[in-house]
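Breakdown of the fold
Here are the chains, one letter per residue:
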Amino acid sequence: MATPGGQISEEYRRMQEKLHENPNYGVASVQYAPVVAKILQQTGTNELLDYGAGKGRLGETLRQLISTPLNIHHYDPARPEWAADPAPCGFVCCIDVLEHIEPDYLDNVLDHLKRLVMKRGFFTVHTGPAIKVLPDGRNAHLIQEPPSWWLPKFMERFDLTVFQKMPQGFWVLVERKPEKPVLVEPV
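First, a word on what this report is: a plain description of the structure on this page. Here the structure is a predicted model, which is why all the values come from computation and not from measurement.

Attention now goes to the environment of Pro-178. Here Pro-178 shows up in the segment after β6 (169–176). Sequence separation of Pro-178 and Asp-159 is 19 residues, and the distance between their C-alpha atoms is 8.7 Å.

Two quantities define a packed helix pair, namely the angle between the helix axes and the distance between the axes. Between helix α2 (residues 33–43) and helix α3 (residues 57–65), the least distance of the axes is 9 Å, while the angle of their chain directions is 60 degrees. Between α2 and α3, the angle falls in the class oblique. When you trace α2 past α3, the crossing you get is right-handed. Residues Ala-33, Pro-34, Val-36, Ala-37, Leu-40 and Gln-41 of α2 form the contact with α3, whose participating residues are Leu-58, Thr-61, Leu-62 and Leu-65.

This part covers α2. For α2, the set of buried residues is Ala-33, Val-36, Ala-37, Ile-39 and Leu-40. Along the long axis of α2, the arc covered by the buried residues comes to 165 degrees, so they all point the same way. With respect to the buried face of α2, the exposed residues turned more than 90 degrees away are Lys-38 and Gln-42. Buried-residue contacts for α2 involve β1 (47–51), α3, β3 (89–94), β4 (117–126) and β6. Of the residues flanking the end of α2, it is Gly-44, one or two places downstream, whose phi is positive at about 70 degrees.

A separate point is the nonpolar core. Nonpolar side chains in soluble globular proteins tend to be buried together. Of all hydrophobic cores here, the largest spans 25 residues; its most connected members are Tyr-51, Val-92, Leu-98, Leu-113, Phe-123, Trp-150 and Phe-154. Residue assignment for this core shows that the elements contributing at least two residues are β1, β3, α4 (106–116), β4, α5 (147–157) and β6. Top element by residues in this core is α4. It accounts for 5 residues. Listed in part, the 18 residues of the second largest apolar core include Ala-37, Ile-39, Leu-70 and Phe-91.

This paragraph deals with the state of the cysteines. Here the structure, examined in full by the defined rule, presents 0 disulfides. Here Cys-89 stays unpaired: no disulfide links it, and the sulfur of Cys-93, its closest cysteine neighbor, is 9.2 Å away. With no disulfide of its own, Cys-93 lies 8.9 Å from the sulfur of Cys-94, the closest cysteine sulfur. Given the relative accessible area of 0%, Cys-93 is considered buried.

Once that is clear, we can look at the pairing of β6. Consecutive side chains of a regular strand alternate in pointing toward one face of the sheet and then the other. Where burial is concerned, most of β6 is hidden: 6 out of the 8 residues are buried. For β4 and β6, the ladder comprises 7 bridges, and the chain directions are antiparallel. By the bridge assignment, Phe-123 is partnered in β6 with Val-172. Here strand β5 (residues 158–166) pairs with β6 via 8 bridges, running antiparallel. Among the inter-strand pairings, Phe-158 is bridged to a residue of β6, identified as Arg-176. In sequence, β5 turns back onto β6 through a hairpin of 2 residues.

Calculation notes
- Residue indices begin from 1 for each chain and proceed along its sequence in written order.
- Residues qualify for local features only when their pLDDT is at least 70, as the model is predicted, and side-chain atom pairs are given and counted only at 80 or more; totals for whole chains, interfaces and linings, by contrast, use all residues.
- Excluding hydrogens and water, the side-chain values take into account all heavy atoms of the structure.
- Helix and strand definitions follow DSSP, with helices as H or I runs of at least four residues and strands as E runs of at least two, each counted in order from the N terminus.
- In this description, a line fitted to the C-alpha atoms serves as the axis of each element, helices being fitted only across the stretch in contact, and the angle between N-to-C directions of two axes falls anywhere from 0 to 180 degrees.
- Oblique is the label for any angle not under 35 degrees, not over 145, and not in the 65 to 115 range, which are roughly parallel, roughly antiparallel and roughly perpendicular in turn.
- In this scheme the handedness of a crossing depends on how the near helix is turned from the far one: anticlockwise by less than a right angle means left-handed, clockwise means right-handed.
- Should any heavy atoms of two residues lie within 4.5 Å, those residues are considered in contact.
- In this scheme, a residue with accessible area under 20% of its type's maximum is buried, one over 50% is exposed, and one in between is partly exposed, where area comes from a 1.4 Å probe on protein chains only.
- Working definition: the arc comes from the directions between the helix axis and the C-beta atoms, pointing outward to the latter.
- Residue types Ala, Val, Leu, Ile, Met, Phe, Trp, Tyr and Cys, when buried and joined through side-chain atoms within 4.5 Å, form a set referred to as a nonpolar core.
- Disulfides are defined as pairs of cysteine sulfur atoms found within 2.5 Å of each other.
- In this analysis, strands are considered paired if DSSP registers two or more bridges between them.

Written out as C-alpha cells, the structure is:
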C-alpha cells in the first residue's frame, strides 16, 4: 500500500502496524487533549482531522471534554481502516507523530499537512529520544532535533501563531498561509 505523496516506506508502515498492536503504543495525544479542547472551544471549531491517529484516543478524550458534537476524522497509514488519504480539514492535529517520521519522508509529510490544513494546525514534537526502541534496534524517535531545526520547516509552510516549549519538546499552533495572488499582466 502506497501512502499519498510518499510519506512512509512499506517496511516502516508494516513495523508501525505491528507496534500499534501494543495497547500502550500511539496514545500520547491524550495528554494534549485539554489544550486541543480549549483551542477548539475558543475558535468555535467542531471538526478536526487527527493525523497519525494511533488508537484514536484524542477523539475519545475530546468527546469527554467537550459537550458539543465533534466530527473527528482519522488518518494513520499504519492503521488499514484509517490509511486512505484524508480530505482537507479546517483543524488538523498531529500529535506525537513527526519525530517518528523517517527522515527521508519528513518533507513529504509536512507538505501533506500543508495541503490538509485549511485553517489551523496543532502539532507537537518530542525533541529527545523515546523510551521505546523499534524492532530493528533504532530509537522510536527517528528525528531528534531542537526547535530551532523544526521551526523553519513549519514556518516555510504555515504562519506560526503559538510556540510553546515543553519539558521534552514543544507544540505549535499554526495557520494556513494566505494564497499568494497571481499577477496577470495586461495584454
